[in-house]
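The residues making up each chain are set out below.
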Amino acid sequence: MEAKIARAPGKSLFRSDAVQKLMAFAGLIALFVVFSLASPNFLTLDNVIGILLATAVNGVLALGATFVIIAAGIDLSVGTVMTFSAVMTGVLVVFWGLPIPLGIVGGILAGGLCGLVNGLVISKMKVPPFIATLGMLYATRGLSLVISGVKPIYFNDTPEFRQIAMGSALGALIPGLDIPNAVFIMFGAAIVAGLILSKTVLGRYCFAIGSNEEATRLSGVNVDAWKAAVYMVCGMFAGLGGVIMASRLNSAQPALGAGYELDAIAAVVIGGTSLRGGEGTVLGTIIGAFIISVLANGLRILSVPQEWQMVVTGAIVVLAVYADIIRRRQ
Amino acid sequence: MDDILVLMEGVEKSFPGVHALSDCRFELRAGEVHALVGENGAGKSTLMKVLAGVYAKDAGRILYKGREVDIPNPRVAQHLGISMIHQELNLMPHLTVAQNIFIGREPRRRVGFVLDEDEINARTRQLLDMLHLQQLDPRTKVADLTVAKQQMVEIAKALSFNAEVLIMDEPTAALTEAEIDDLFRIIRQLREKGVGVVHISHRLEELKQISDRVTVMRDGRYIDTVRTQDVSIDRIISMMVGRTIYETAPEVPDNADREVVLEVKNLNRGTVIRDVSFQLRKGEILGFAGLMGAGRTEVARAVFGADPIDSGEVYVRGRRVHIRSPLDAVRHGIGYLSEDRKRYGLTLGMDVENNIALAAFNKFLGALGWVNRPAIRQTASRLVDTLAIKTPSLQQQVKNLSGGNQQKVVIGKWLTADTDILIFDEPTRGIDVGAKSEIYHLLNELARQGKSIIMISSELPEILRMSHRIIVMCEGRITGELTSAEATQEKIMTYATQRSSVMNADLTLQVPAEPAQPRSL
């Protein structure tokens, strides 16, 4: 006997894009439940705040990467561009003594500039995104060291700078609930990213280019220019990530940043954005970023060595994509 | 004088190694349907792509409404009112109908960058209503539509530019008859509005129905423009090929009692292959006819082990076999020649001899796994002779050969691998006329030698000319079988459009796949 599942014709649940997101969200909840049961130290306010804070930087980087990946590209340089932006903020604020807001804007623009270069190399010089952004990864890593003189730049004379990420506007309102601003900056950035993606021309062209680049070109869209813009937006998110990072550490650490791009891409992919382009959501990316940090945090609390945390993260990334492939096969 | 919308004169275009257009002319009037015909490679699409701004011309001039214009990109063409629907549909499958139609010129809200989705949907609704496509929802994702509906979306998109010139490159290739009628209704509607429609097609009967004038091209040159009602189809064909073609009936060997070399029973795969059973005899050429998407290629790939199946049995020479991969198929002597030989049939950057040896390298291995080049060379040179492959040397890279010779290299590859059941998927696609008849000759010769051949083809004359027996498919099912004596184009088309239900194609597609039956393999 075969069991037949009755389903409303034309409305197959498996075809809806929400499923991957639901699966990712269910996965996140499951992790929370498992870790809460496994250790009493997991579900505490301090630890949850720790997880939120740990997600902030990767979340922002992953938001930028989401744009690029939806447009069927890839950006390997988000981690080191983040560092470069942090160093530039340090230069502006510490070395040049400019006001902090200018330092923030400068950091974000520095990131945007790196992204723009990526975008132009890819669209005008036709260098594959993997190579172009690999080049940018090395270049920004080197530039960060050169500009900083291979030393961290400390924001010791400007204590307000640290408050950007680590202060808690919420804690000031509700004593005890000291969720750092960095977390809200990330959620704010997510809302902005979500609006760009669903409501603006840039977002529309991300999906169009990722879905069928040639058709988009033949429709009269200036694909080269929009591609450059997409990478620039990604760079600006990386720049914002750099500012948060610098504020959190109260310093620009020029040697940091390598490996962050992989966490960002992993978050995007776990969140259901297809590397082949054309689909993806901001909500998925944020859930993906949380899965990665909950995993790291939970395993650490269970005293799993860091090396093994990496193995588990790797397995989760592959499983998430495999689950997506299974779903599509239905 | 009628309104002449477009006049192209002395148009030249070269691609590396190919002189695609030489001294071409074309004239289009307002309110006419102008058919553009010619064989594959005659330059029809290239000429129209010049007009649509996809390619830049090397020389010549284009007059649009009497004024000389320069059309450097599709955007300029669209602004002038020239829209082209390309042969391969150019839609973004992840976007909705409305988003596709207004891509590149989305209505925005007052705040600069923000899209006005309601406006996009409303305007699309109007446009679709104008085309009497009330059942199409602007918010449907294009990936969820049938090919025919996607085509309608392309037409709606072209019209949304207020196109005065609409170029359609083989719009009917993938459509059923009912869908073609629908398309023609829309084309006539456009003609009445004064739009100039260019219709590129291989189906000459169709041109008789729909077109006012015909322009014939051959080998990148302009041949003539005539009024459709003044010429017969035979006359058009002879202008296309430059000579009169005699349809030769296949020589059907008496093989009713010959050994059955391949038998497929109750093959199923989701909704694309439904309960397919057939037999192939030794020395037989079995034609598989049907419209695009009928499931012929899918059957071939399933038999060859390239795609998994849900259920079904395959027998080779009477023995039940389990083919789970192409490697298994080759071991049982089955070779598959893909319709896209450049992607699936050849390693283009490698030379002739290595391509020939590719499917059977273990035959050319010496001690310790060294490749025995002299042996490869010997086999390759023998095959180059017997198949009459035109190549300057065995070391020539395959990408530098013509389409016909590339196809012969693929055939040589499968012969080297000792396969005697050969599945040819569109064996003459993209091959010029002269080479076509050579390929036909070769297929007949192979059959005579006792090879068994399945030939999938969308060209009815080819099916009729070559097949000893014809199987017709529609929507994943076998809907008919004809002997070569009883087969006619009309009979084949009747079977090819025999749908299992009267449901409209949309619904059929959206019915979820039947639950997988237990694998019996």
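Computed from a predicted model, the values in this text were never measured in an experiment.

**Some words on helix α11 (residues 223-249) of chain A**
Residues and elements named next belong to chain A.
Line of reasoning, step 1. If you check α11, its first and last C-alpha atoms are 39 Å apart, about what 27 residues at 1.5 Å a residue would give, namely 39 Å.
Line of reasoning, step 2. With 22 of its 27 residues buried, α11 lies for the most part within the structure.
Line of reasoning, step 3. Among the residues trailing α11, Asn250 stands out with phi positive, at a value near 55 degrees.

**Focus: empty space enclosed by the protein**
Line of reasoning, step 1. Overall, the coordinates contain four cavities of 30 Å³ or more when judged by the stated rule.
Line of reasoning, step 2. A volume near 190 Å³ is recorded for the largest cavity.
Line of reasoning, step 3. What lines the largest cavity is a set of 18 residues, among which A:Leu218, B:Gln78, B:Met84, B:His86 and B:Lys157 lie closest to the centre.
Line of reasoning, step 4. Mapped by element, the contributors of at least two residues to the lining of the largest cavity are α10 (213-218) of chain A together with α2 (74-80), β6 (82-85) and α5 (147-159) of chain B.

**A look at the pairing of strand β7 (residues 165-169) of chain B**
All names here are of chain B.
Line of reasoning, step 1. Within β7, five of the five residues are buried, leaving the element largely enclosed by the surrounding structure.
Line of reasoning, step 2. Here β7 shows no split at all, with Val165, Ile167 and Asp169 on one side and Leu166 and Met168 on the other all buried.
Line of reasoning, step 3. With four bridges joining them, β6 and β7 adopt parallel strand pairing. Bridge pairing in β7 links Ile82 to Val165.
Line of reasoning, step 4. With five bridges connecting them, β7 and strand β8 (residues 196-200) associate as parallel partners. Paired with Met168 across the two strands is His199, which belongs to β8.

**Observations regarding the pattern of salt bridges**
All names here are of chain B.
Line of reasoning, step 1. Evaluated as defined, the whole model comprises 32 salt bridges over all chains.
Line of reasoning, step 2. Note that Glu27 is salt-bridged to Arg213, the shortest N-O span being 3.1 Å. On the criterion of sequence distance, the pair formed by Glu27 in strand β2 (residues 18-29) and Arg213 in strand β9 (residues 213-218) is long-range, its members being 186 residues apart. With respect to burial, Glu27 and Arg213 carry one shared label: buried.

**Observations regarding the interface of chain A and chain B**
How large an interface is tends to be reported as the accessible area lost when its parts come together.
Line of reasoning, step 1. Listed by partner, the interface residues are 28 residues for chain A and 31 residues for chain B.
Line of reasoning, step 2. Summed over both partners, the interface of chain A with chain B comes to about 2,400 Å²; 56% of that surface belongs to carbon and sulfur atoms.
Line of reasoning, step 3. Of all residues in chain A, A:Arg204, A:Leu218 and A:Ser219 give up the largest surface area on contact with chain B, accounting jointly for 26% of the area buried on that side.
Line of reasoning, step 4. For the interface between chain A and chain B, the tally reads one salt bridge.
Line of reasoning, step 5. One salt bridge connects A:Arg204 with B:Glu117, and the closest N-O pair in it is separated by 2.9 Å.
Line of reasoning, step 6. For the pair chain A and chain B, the number of links is eight residue pairs in polar contact (both at pLDDT 80 or more).
Line of reasoning, step 7. Breaking the side of chain A that touches chain B down by element, the ones donating at least two residues are α8 (181-199), α9 (201-211) and α10 of chain A.
Line of reasoning, step 8. The leading source of residues in the side of chain A that touches chain B is α9(A), at six residues.
Line of reasoning, step 9. In terms of residue class, the side of chain A that touches chain B is made up of eight nonpolar, eleven polar and nine charged.

**Section: the nonpolar core**
Line of reasoning, step 1. One finds A:Leu63, A:Phe67, A:Trp226 and A:Phe237 to be the most contacted residues of the largest nonpolar core, which totals 88 residues.
Line of reasoning, step 2. For this core, the element with the most residues is helix α2 (residues 45-70) of chain A, which contributes 15 residues.
Line of reasoning, step 3. Among residues more than four places away in sequence, those in contact with A:Phe237 are A:Val60, A:Leu61, A:Leu63, A:Gly64, A:Phe67, A:Ala189 and A:Ala193.
Line of reasoning, step 4. The next biggest cluster of nonpolar side chains, apart from the first, holds 74 residues, and it includes B:Leu280, B:Leu394, B:Ile470 and B:Leu482.

**A short note on the confidence of the model for chain A**
Line of reasoning, step 1. On average, residues of chain A score 89 in pLDDT, and 93% of them reach the 70 mark or higher.
Line of reasoning, step 2. Below pLDDT 50 for its whole length, residues 1-16 of chain A participates in 15 contacts with residues either more than four positions away or in separate chains.

**Re the packing of helix α3 (residues 78-95) of chain A against helix α5 (residues 129-148) of chain A**
Residue and element names in this part refer to chain A.
Line of reasoning, step 1. As a packed pair, α3 and α5 sit with axes 8 Å apart at the nearest point and diverge in direction by 25 degrees. When the axes of α3 and α5 are compared, the pair comes out roughly parallel. Judged by the sense of rotation from one axis to the other, the crossing of α3 with α5 is left-handed. Of the residues in α5, those touching α3 at Thr80, Val81, Thr83, Phe84, Val87, Met88, Val91 and Phe95 are Met136, Leu137, Thr140, Arg141, Leu143, Ser144, Ile147 and Ser148.
Line of reasoning, step 2. Per-class residue counts for the contact of α3 with α5 are ten nonpolar, five polar and one charged.

Analysis parameters
Throughout, a residue's number is its position along its own chain's written sequence, starting from 1. All chains are assigned letters beginning with A, and all ligands numbers beginning with 1, in the order in which they are written. Only residues with pLDDT of 70 or above have their local features reported here, since the model is predicted, and side-chain atom pairs are shown and tallied only from 80 upward, although totals for entire chains, interfaces and linings are computed over all residues. Heavy atoms from the whole structure form the basis of all side-chain values; hydrogens and water molecules are not counted. Secondary structure follows DSSP: runs of H or I at least 4 residues long count as helices, runs of E at least 2 residues long count as strands, and numbering of each begins at the N terminus. A helix's residues, less one, multiplied by 1.5 Å, set its expected span. Under the scheme applied here, a residue whose accessible area is under 20% of the maximum for its type counts as buried, over 50% as exposed, and between as partly exposed, the area being computed with a 1.4 Å probe on protein chains only. Buried and open spaces are told apart on a 1 Å grid over the protein atoms alone, a cavity being a set of points where a 1.4 Å probe fits but cannot get out and a pocket being an open set with protein on both sides within 12 Å along at least five of seven lines. Residues with an atom within 4 Å of a point are the lining residues. Grid points are joined across faces, edges and corners, and a volume is the space filled by probe spheres set on the points. At least two DSSP bridges between two strands are required for those strands to pair. Any Lys or Arg side-chain nitrogen found within 4 Å of a carboxyl oxygen on Asp or Glu counts as a salt bridge. Pairs of residues are marked as contacts when any of their non-hydrogen atoms sit within 4.5 Å. The buried area of a pairing is the accessible area, by a 1.4 Å probe, that goes missing from both parts when the two are put together, added over both. Residues adjacent in sequence count toward polar contacts only when both atoms are side-chain atoms; beyond that, a polar contact is any pair of N or O atoms within 3.5 Å, and within protein one must be able to donate a hydrogen and the other to accept it. Under this grouping Gly is polar, as are all residues other than the nonpolar Ala, Val, Leu, Ile, Met, Phe, Trp, Tyr, Cys and Pro and the charged Asp, Glu, Lys and Arg. We call a set of buried Ala, Val, Leu, Ile, Met, Phe, Trp, Tyr and Cys residues a nonpolar core when their side-chain atoms join them within 4.5 Å. Confidence scores per residue from the predictor, reported as pLDDT, run from 0 to 100. For helices, the axis comes from a line fit to the C-alpha atoms of the stretch in contact; other axes are also lines fit to C-alpha atoms, and the angle between any two N-to-C directions lies between 0 and 180 degrees. Just so you know how the angles are binned, under 35 degrees is roughly parallel, over 145 roughly antiparallel, 65 to 115 roughly perpendicular, and the rest oblique. By definition, turning the near helix anticlockwise from the far helix through less than a right angle yields a left-handed crossing, and turning it clockwise yields a right-handed one.

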